[in-house]
Amino acid sequence: MKFQFTSLILAAASLSSSSPTHCTTSLALAGIYTNTSIPMGGNPLTPLDSAMLPSFNSTTVEDWSFDFVSSSADAGLSITLSRGTAGGRLAAQRVILAVVWPDGKRYQKLFYFEESAISRCGNGPVVGSWRNVSSAGGSWTFVASADYKHTVLTVDTEEVKGTYELTSRTPAVYPNGLVYPNTQGNPLFAPLLYWAENVAVGRVDVDFTIGGTPFVFHGMGGRERNWNSKPWGEISGRWNMARGLVGPYEFIVWEYVSLVDGGTYFSAVLMSRGRVVFRTQEYGAGKGSAEIEVKTDGAVHLSSNPPGKPVDSKSTGYVLRMTESGKAWKFDIEFTKPVYWFQASSLYVIGGFVGNVTGGLVGGEQYTGLSSGNLQEMAK
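Overview of the structure. Please read these numbers as outputs of a predicted model, since none were measured by experiment. (Residues numbered from 1 in each chain as written. Predicted model: local features only at pLDDT ≥ 70, side-chain atom pairs only at ≥ 80, totals over all residues. Heavy atoms only, no water.)

### What to know about the overall build of the chain
Each helix and strand in the chain was counted, giving two helices and 22 strands. On C-alpha atoms alone, the chain measures out to a radius of gyration of 20 Å, which is about the 21 Å that the 2.2 N^0.38 rule sets for 380 residues. Dimensions of the chain, computed from C-alpha atoms along their principal axes, come out at roughly 55 × 45 × 40 Å. Across the 380 residues of the chain, 55% fall into the buried class. Counting contacts in the chain only where the partners sit at least 6 residues apart, residues at least 24 apart contribute 56% of the total. Accessible area of the chain: about 15400 Å², with a carbon and sulfur share of 53%. (Helix = DSSP H or I, 4+ residues; strand = E, 2+ residues; numbered from the N terminus. Rg over C-alpha atoms; globule rule 2.2 N^0.38 Å. Buried < 20%, exposed > 50% of the residue type's maximum accessible area, 1.4 Å probe, protein only. Contact = heavy atoms within 4.5 Å. Areas by Shrake-Rupley, 256 points an atom, 1.4 Å probe, with all protein chains shown as cover.)

### Notes on the side chain of Ser 303
When you line up the elements, Ser 303 lands in the loop between β18 (289–295) and β19 (317–324). A residue is classified by how much of its surface remains accessible, and Ser 303, at 16% relative accessible area, is buried. Apart from the residues within four sequence positions on either side, Ser 303 is in contact with Arg 106, Asp 312, Pro 338 and Trp 341.

### So, a nonpolar patch on the surface
Judged by side-chain polarity, Leu 27, Leu 29 and Ile 32 come together as a nonpolar surface patch covering roughly 280 Å² of accessible area. Among the structural elements, Ile 32 can be located in the loop between β1 (23–29) and β2 (61–70). (Patch = residues over 30% accessible without salt bridge, like charges linked within 9 Å, V, L, I, M, F, W, Y side chains within 5 Å. Salt bridge = Lys/Arg side-chain N within 4 Å of Asp/Glu carboxyl O.)

### Some remarks on the nonpolar core
Formed by 31 residues in total, the largest nonpolar core has its most connected members in Ile 79, Leu 81, Trp 140, Phe 142, Tyr 164 and Phe 215. The element that contributes the greatest number of residues to this core is strand β12 (residues 193–210), accounting for five residues. Once you skip the residues sitting within four places of it in the chain, Phe 215 turns out to touch Phe 68, Ala 75, Gly 76, Leu 77, Val 99, Val 100, Trp 101, Val 206, Asp 207, Phe 208 and Ile 210. Residues Ala 73, Val 173, Val 201 and Tyr 256 belong to the second largest nonpolar core, which totals 26 residues. (Core = buried A, V, L, I, M, F, W, Y, C linked by side-chain atoms within 4.5 Å.)

Laid out in structure tokens, this is it:
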């Protein structure tokens, strides 16, 4: 496995340069952590797929997250690659996969590994791999181009095999909507929570076999980075996050309530054919602000698999409103399938969705498209 991974790094580096380059690797081992404080890496110019944490203590964690909705909005998936404390497991090297097929069949599983490595040679692509080295436990490996335009995630395990390919339609952006790289970009979104949207919206082609069942679709998706001083369950209250592709528009919106200070934090970025046309961190209906209204009267609530506990979500979709001088946009999201829904803590339930979205410039042409995202609600 080490030989295969080294070969992949060298191959990726050769794409960017034929001359020798300096290579770096951040290696994290399962269960290995320090008792010291960890610098959180908030430099806005640091490449977004880099390992943001130089090491880990008993609370820190960083994630690389991917999602997808099929072109017919009836299938989807969510993938999170994590290093650090997750699910009560200290210094875990973990992958979460959740999938829904058009017929409603669901799959969700946690995969734990002995180590993860994030490597880069010169200005070439970043290569990240979660793997076992003492047994044939397989691997999950992504290769992400330095400009964030192309990402390939390759899975080679006994139960899951295949590829997730993402081609971006949009630039990488910070929570304040500035395009990376920018010295005024700020990845600190909320207390103890850092965030960058590497790909707000892009084309996704998935070719997986999961437990012997094909999952082969194309559609829309995106990916982001988070790195936190403490585990998600300790710092996060409710939230609503959605991305969408509708006509010429792409958007990413996140409303988040912090358990650290009780405050509400917000980001909305709207693009048109990959160019930012609206950005704000101001929540509300006034000029230069935006809001996300939770809908509860739609046909699809998020549900567990098998059904029962936790009880279904209140949410069935959203209405997004963005207001600028002399113009406004409105987008209506309807959930079509739950991707996952489970108890995140004693107080909260977390879920992922795929859906349809309609909307556009108020008073202008209206479009129909795709949406995916995730939310956290207070448990009933």
